[in-house]
Amino acid sequence: VQLQASGGGLVQPGESLRLSCAGSGRTFTNYAMAWFRQAPGKEREFVAAISWIGGWTYYVDSVKGRFTISRDNAKNTVYLQMNSLKPEDSAVYYCAARNSGTAYVAVREYQHWGQGTEVTVSS
């Protein structure tokens, strides 16, 4: 599956963004999906994951209550709605797909990656 992430940008603290990740090439429902992020000088970290039909979601503690991951399998797209953004949310955000319907949090569990979209939160 090929993944294309979009929706990043520059926003002020407290504002919102919605990231999208469009998949192509294979049956989208075969894959659990996740969002990761990587800030300059830091390792790539898990943000949120969703199972193949969306019945299970999981978030890193720092975004719980602010971010929501969802998917529309008819559109082959996964979303990350980010509200109440903070400067520490600034990073390049990557979507990833796993060759299984079960989602995990580790980078190594995901076989397919999008190119990343940059989010900058600054006043």
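These numbers were taken from a predicted model, which means no experiment stands behind them. (Residues numbered from 1 in each chain as written. Predicted model: local features only at pLDDT ≥ 70, side-chain atom pairs only at ≥ 80, totals over all residues. Heavy atoms only, no water.)

Asks: Explain the overall build of the protein to me, and be specific about the residues and the numbers.
Replies: The number of helices and strands found in the protein is zero helices and 11 strands. Starting at the N terminus and walking to the C terminus, you meet the elements of the protein as β-β-β-β-β-β-β-β-β-β-β. Taken over the C-alpha trace, the protein has a radius of gyration of 13 Å; the compact-globule value for 123 residues is 14 Å, and the two agree within 12%. Principal-axis analysis of the C-alpha atoms places the extent of the protein at approximately 40 × 25 × 25 Å. Taken across its 123 residues, the protein has 43% of its residues classed as buried. (Helix = DSSP H or I, 4+ residues; strand = E, 2+ residues; numbered from the N terminus. Rg over C-alpha atoms; globule rule 2.2 N^0.38 Å. Buried < 20%, exposed > 50% of the residue type's maximum accessible area, 1.4 Å probe, protein only.)

Asks: For the sheet that holds strand β8 (residues 77-82), give the residues involved together with the corresponding values.
Replies: Overall, antiparallel pairing links the four strands, which are arranged β1-β3-β8-β7 in an open sheet. On the outer flanks of this sheet lie β1 (2-6) and β7 (67-72), each paired with one strand and no other. Across the sheet, the mean angle from the axis of one strand to that of its neighbour is 15°, orientation sign disregarded. Summarising the sheet, strand β3 (residues 17-24) and β8 pair through six bridges and their orientation is antiparallel. Within β8, the residue paired with Ser-20 across the bridge is Tyr-79. (Pairing = 2+ DSSP bridges. Axes fitted to C-alpha atoms, helices over the stretch in contact; angles between N-to-C directions.)

Asks: Just give me the short version of the state of the cysteines, but keep the residues and values in it.
Replies: Note: disulfide means a covalent bond formed between the sulfur atoms of two cysteine side chains. Evaluated as defined, the whole model comprises one disulfide. Two residues share a disulfide in this structure: Cys-21 and Cys-95, whose sulfurs sit 2.1 Å from each other. Judged by the sign of its S-S torsion, about 60°, the cystine formed by Cys-21 and Cys-95 is right-handed. With a gap of 74 residues between them, Cys-21 in strand β3 and Cys-95 in strand β9 (residues 91-98) connect regions that are remote in the sequence. Look at Cys-21 and you get buried, because its relative accessible area is 0%. The buried category is assigned to Cys-95, whose relative accessible area is 0%. (Disulfide = S-S within 2.5 Å.)

Asks: Please set out the side chain of Thr-117 residue by residue, giving values where relevant.
Replies: Here Thr-117 is to be found in strand β11 (residues 117-121). A distance of 3.0 Å separates a polar side-chain atom of Thr-117 from the backbone nitrogen of Gly-8. Beyond its immediate stretch of four places on either side in the chain, Thr-117 contacts Ala-5, Ser-6, Gly-7, Gly-8, Leu-19, Ala-91, Val-92 and Tyr-93. (Polar contact = N/O pair within 3.5 Å; in protein donor to acceptor, adjacent residues only side chain to side chain. Contact = heavy atoms within 4.5 Å.)

Asks: Outline the nonpolar core, supporting the account with residue identities and numerical values.
Replies: Core analysis: the biggest nonpolar cluster contains 29 residues, and Met-33, Trp-35, Leu-80, Met-82 and Tyr-93 have the highest contact counts within it. Of all the elements in the fold, those that place two or more residues in this core are β1, β3, β4 (32-38), β5 (45-50), β7, β8, β9 and β11. Residue contributions to this core peak at four residues, all from β9. By size, the runner-up hydrophobic cluster in this structure holds eight residues, among which are Phe-46, Ala-49, Ala-96 and Tyr-110. (Core = buried A, V, L, I, M, F, W, Y, C linked by side-chain atoms within 4.5 Å.)

Read these as layout, nothing more, since geometry by itself doesn't imply function.
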